[in-house]
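Coordinate analysis (summary)
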Amino acid sequence: MVNRMQFYIDGAWVDPVVKKSTPVVNPATEEAMYEVALGSKADVDKAVAAAKRAFETFSVTSREERIALLEKVVAIYKSRMKEIGAAISDEMGAPLPMAEKMQAGAGLGHIMSTLDVLKNYQFEEPLGSAMIVREPIGVVGMITPWNWPLNQIACKVAPAIAAGCTMVLKPSEFTPTSALLFAEILHEAGLPKGVFNLVNGLGPEVGAAMSEHPDIDMISFTGSTRAGIDVAQRAAPTVKRVSQELGGKSPNVILEDADLTKAVTGGVMHMFNNSGQSCNAPSRMIVPLSKMKEVAAIARGVAEKTKAGDPRGEGTTIGPVVNRIQWDKIQTLINKGIEEGATLVAGGPGLPEGVNKGFYVRPTVFADVTKDMTIAREEIFGPVLVIMGAKDENEAVELANDTPYGLAGYVSAGSVDRARAVGRKIRAGNVNLQGVPNERTAPFGGYKQSGNGREWGKFGLEEYLEVKAIAGFNAA
């Protein structure tokens, strides 16, 4: 029985200081499934105090002790994959097979990747007379989103443990159960009390209290750019480190010599994955102007085969979006695209055919989109693809970089050499060439308003470390 009305603080399940809760709604049915407790500044204070106490001892544990802990976490996590997947599917609408394999699987992958890094990472290295020492930064506040809940939790918590940090997590109030299951896994693995603490709550209350807290040394935040700005402003007076992975409006550049059918089909399918609710989704497809009609036809074919339906239903490709607020926002932007003159190729406003409830969005494709249109500028965060035309490679790169965001970019070309050359010109933290997916050990993070800092692999571990130079350490 998942404990949704308590928080995990100092190694135990405890009642909130003030009893307050919110319903968790199934986006496929629009019905409340259960209540989850909401925390306050007082709960954050308790959790931070526990983490601060635990840091004194956990920060000096050996590499071998932390390896043993993470190995236990991996073993227990594996035994609960189906449970985690089911919770994610119910709370944010991902089709059940995708939730079990990709959503729950991503979390496991990050823990295993971090474990590999920890086994070989050099925490100390000589430099002249000095010894360069990498030490845990301290107490970390973590604020995570609902779209890839366990992916985001694991790629923060695992490296923080590996570094010797202690932490307080505020998961999304829309997807609390997978986070609570994760707390159970860490408890069963024998994580020392106070190392990991979880307080559910709302951003303006719990998130704000964490960002401002003088005893939190670092905030790791994933979410919208708007919320990220608020976190950074609140964190500034205490000069804590702020690492952020924020929004995106990622370009997918398909050049004239690329395999058009393969590149367009792959790009549309990637865009619709997770109902378009990925910050690095390839949401702006930039294609040769002369091939716009051909591209639109291929994209329409993919959209028409993409079935939005019951996450537990047979043949469902994508589920609903997470909640009514997101659904309304997406509908507004789809209508804006029509009003501003983009060509509606597939989908459009309203619920998909045969659906009368749930926050389902029709898989939507717009062609002939120009750079000044709202749908070309704003992150939609739903299954909505915009196709833009470029007269040549230079204009394609210019369009790709014409955005305040810089999380990801995608390039397809007739040769890897040409894809490499164009990929180097894209101002983004992650660029994928020729349809190759992200490498889990490579860094993930953004340029510009898509954030700062990096997650995943060695780079993710280093976010949680301070660098100390001890001069004279190696003096004769």
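The sections below set out a description of the structure shown in this document. (Residues numbered from 1 in each chain as written. Predicted model: local features only at pLDDT ≥ 70, side-chain atom pairs only at ≥ 80, totals over all residues. Heavy atoms only, no water.)

To continue, consider the packing of helix α9 (residues 260-272) against helix α10 (residues 292-305). The geometry of α9 relative to α10 is characterised by a closest axis approach of 9 Å and an angle of 45° between their N-to-C directions. Comparing their axes, α10 and α9 come out oblique. Our pair here, α9 against α10, has a crossing hand that is right-handed. Across from L260, T261, V264, T265, V268, M269 and F272 in α9, the residues of α10 making contact are E294, V295, I298, A299, V302 and A303. (Axes fitted to C-alpha atoms, helices over the stretch in contact; angles between N-to-C directions. Helix = DSSP H or I, 4+ residues; strand = E, 2+ residues; numbered from the N terminus. Parallel < 35°, antiparallel > 145°, perpendicular 65-115°, else oblique. Left-handed = near helix turned anticlockwise from the far one by under 90°. Contact = heavy atoms within 4.5 Å.)

Right, let's talk about the sheet that holds strand β5 (residues 124-127) for a bit. Across the sheet, which stays open at both edges, the three strands sit in the order β5-β6-β20 with antiparallel pairing between neighbours. Every other strand in the sheet has two partners, leaving β5 and β20 (465-470) as the edge strands with one partner each. On average, adjacent strands in this sheet sit at an angle of 25° to one another, irrespective of strand direction. (Pairing = 2+ DSSP bridges.)

A separate point is the environment of K78. Summarising the element assignment, K78 is placed in helix α2 (residues 63-79). Of the residues examined, K78 reaches a relative accessible area of 47% and is grouped as partly exposed. Linking K78 and G223, residues 145 residues apart in sequence, is a C-alpha distance of 27 Å. Ignoring anything within four residues of it in the chain, the contact list for K78 reads L108 and M112. (Buried < 20%, exposed > 50% of the residue type's maximum accessible area, 1.4 Å probe, protein only.)

Moving on to the pairing of strand β11 (residues 241-245). Judged from the five bridges that link them, strand β10 (residues 218-222) and β11 form a sheet pairing that is parallel. Opposite F221, over in β11, you have Q244 as the bridge partner. In this sheet, strand β19 (residues 451-452) lies alongside β11 in antiparallel orientation, the contact comprising two bridges. Residue pairing for β19: E245 is matched across the bridge by G451.

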